[in-house]
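Tertiary structure, described
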Amino acid sequence: MSNEATGANARSADAGTLGYLALGLTLLAYGILGTGIFSGTGLKDAASVAHLVGGLTLFIAGLWQLRSGDGFTGTAFTSLGAFWATWSAAGGASKNAAGLFLLLWALLVLSLTLAAWNSGLFGRLIFALFTLSLVVSAIGVLNSSSGLGKVGAWLAAAAGLVAWYSATAALAESGWGRALLPTR
């Protein structure tokens, strides 16, 4: 039986692209629905995407990365998976609790931003934009400012677009054996 058939190569597989795709799609859904550009939609409409794609998929990708020895993406994906799963389940939280929740997670994402700073432009942009999104969204929630909430949503959408593009570029390169999309 080959190593692939027995799962012996499971440790060498990288779930980083899957994690960044899940993060990108979740941030895009959260951001776009939070901007109000689609009539009759809001952040609550992103809850199922946040729970399954952001929560479950990111958490599993993170565990896979931790198992393979990648502490950064493992920590990033498992913690952000917990964030999205909790956010999707906490729909009835008070204004102060929701604002505090966003600020505390902004601290975690700021830590990820600092850790990713040397990983290249995309890593810096993803986590820096996500940090800004959480801070602006928290201030908007605490001050009952829908305008700041929309700015936070646009920042989240921008972070999601960068994460999605970065993962798509990596996926295309692994499939074609050469760079198809510019990454510099």
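A brief look at the structure comes next. Computed from a predicted structure; not experimentally measured.

It is worth spelling out the packing of helix α4 (residues 71–89) against helix α5 (residues 95–116) at this point. The contact between α4 and α5 brings their axes to 11 Å, and the two run at 165°. Classed by the angle they form, the pair α4 and α5 counts as roughly antiparallel. Regarding α4 and α5, the two cross each other, and that crossing is left-handed. Contacts from F72, A76, S79, L80, A82, F83, T86 and W87 of α4 reach α5 at F101, L102, W105, L108, V109, L112, A115 and A116.

A few words on the packing of aromatic side chains. For the structure shown, the criterion picks out 13 aromatic pairs. Ring geometry for F83 against F101: centres 5.5 Å apart, planes inclined by 10°, an arrangement best described as stacked. Taken as a pair, F83 in helix α4 and F101 in helix α5 lie far apart in primary sequence, 18 residues in all. Side by side, F83 and F101 carry an identical accessibility label, which is buried. By way of ring pairs, the aromatic residues Y30, F83, W84, W87, F101, W105 and F130 are connected into one cluster. Positioned above the aromatic ring of W117 is the side chain of R124, whose terminal nitrogen or guanidinium carbon lies 5.4 Å from the ring centre.

Moving on: the side chain of S133. Secondary-structure assignment places S133 in helix α6 (residues 121–142). Judged by its relative accessible area of 0%, S133 falls in the buried class. Non-local contacts of S133, meaning those with residues more than four positions away in its chain, are made with Y30, G152, L155 and A156.

On the surface, a nonpolar cluster with roughly 500 Å² of combined accessible area is contributed by L100, L104, L107, L110 and L114. The residue L110 is located in helix α5 in this model. Residue L110 is classed as partly exposed on the basis of its relative accessible area of 37%.

Moving on: helix α3 (residues 47–67). Helix length check: α3, at 21 residues, gives a terminal C-alpha distance of 28 Å against a target of 30 Å (1.5 Å per residue), a fit within 8%. Considered for burial, the residues of α3 that qualify are A50, G54, G55, L58, A61, G62 and Q65. Considering only its buried residues, α3 is in contact with α2 (16–35) and α4. Immediately beyond the C-terminal end of α3, within one or two residues, lies G69, with a positive phi of roughly 95°.

Before going further, it helps to examine the nonpolar core. L23, L80, F83, W84, F127, F130 and L134 are the most contacted members of the largest nonpolar core, which totals 36 residues. Broken down by secondary-structure element, the contributors of at least two residues to this core are α2, α3, α4, α5, α6 and α7 (146–176). When neighbours within four sequence positions are excluded, L80 is seen to be in contact with L23, G54, L58, L108, V109, L112, F127 and F130.

Moving on, we get to the packing of α2 against α6. Direction vectors running N to C along α2 and α6 enclose 35°, while the axes themselves pass 13 Å from each other. The handedness of the crossing between α2 and α6 comes out as left-handed. Residues Y20, L23, L27 and Y30 of α2 touch α6, and the partners they reach there are I126, F127, F130, S133 and S137. A breakdown of the residues in the contact of α2 with α6 according to their chemical character gives seven nonpolar, two polar and no charged.

How each quantity is defined
Residues numbered from 1 in each chain as written. Predicted model: local features only at pLDDT ≥ 70, side-chain atom pairs only at ≥ 80, totals over all residues. Heavy atoms only, no water. Axes fitted to C-alpha atoms, helices over the stretch in contact; angles between N-to-C directions. Helix = DSSP H or I, 4+ residues; strand = E, 2+ residues; numbered from the N terminus. Parallel < 35°, antiparallel > 145°, perpendicular 65-115°, else oblique. Left-handed = near helix turned anticlockwise from the far one by under 90°. Contact = heavy atoms within 4.5 Å. Phe/Tyr/Trp six-rings, centres within 6.5 Å; stacked < 30°, edge-to-face > 60°. Buried < 20%, exposed > 50% of the residue type's maximum accessible area, 1.4 Å probe, protein only. Lys NZ or Arg CZ within 6 Å of the ring centre and 35° of its normal. Patch = residues over 30% accessible without salt bridge, like charges linked within 9 Å, V, L, I, M, F, W, Y side chains within 5 Å. Areas by Shrake-Rupley, 256 points an atom, 1.4 Å probe, with all protein chains shown as cover. Salt bridge = Lys/Arg side-chain N within 4 Å of Asp/Glu carboxyl O. Expected span 1.5 Å × (residues − 1). Core = buried A, V, L, I, M, F, W, Y, C linked by side-chain atoms within 4.5 Å. Nonpolar A, V, L, I, M, F, W, Y, C, P; charged D, E, K, R; others polar.

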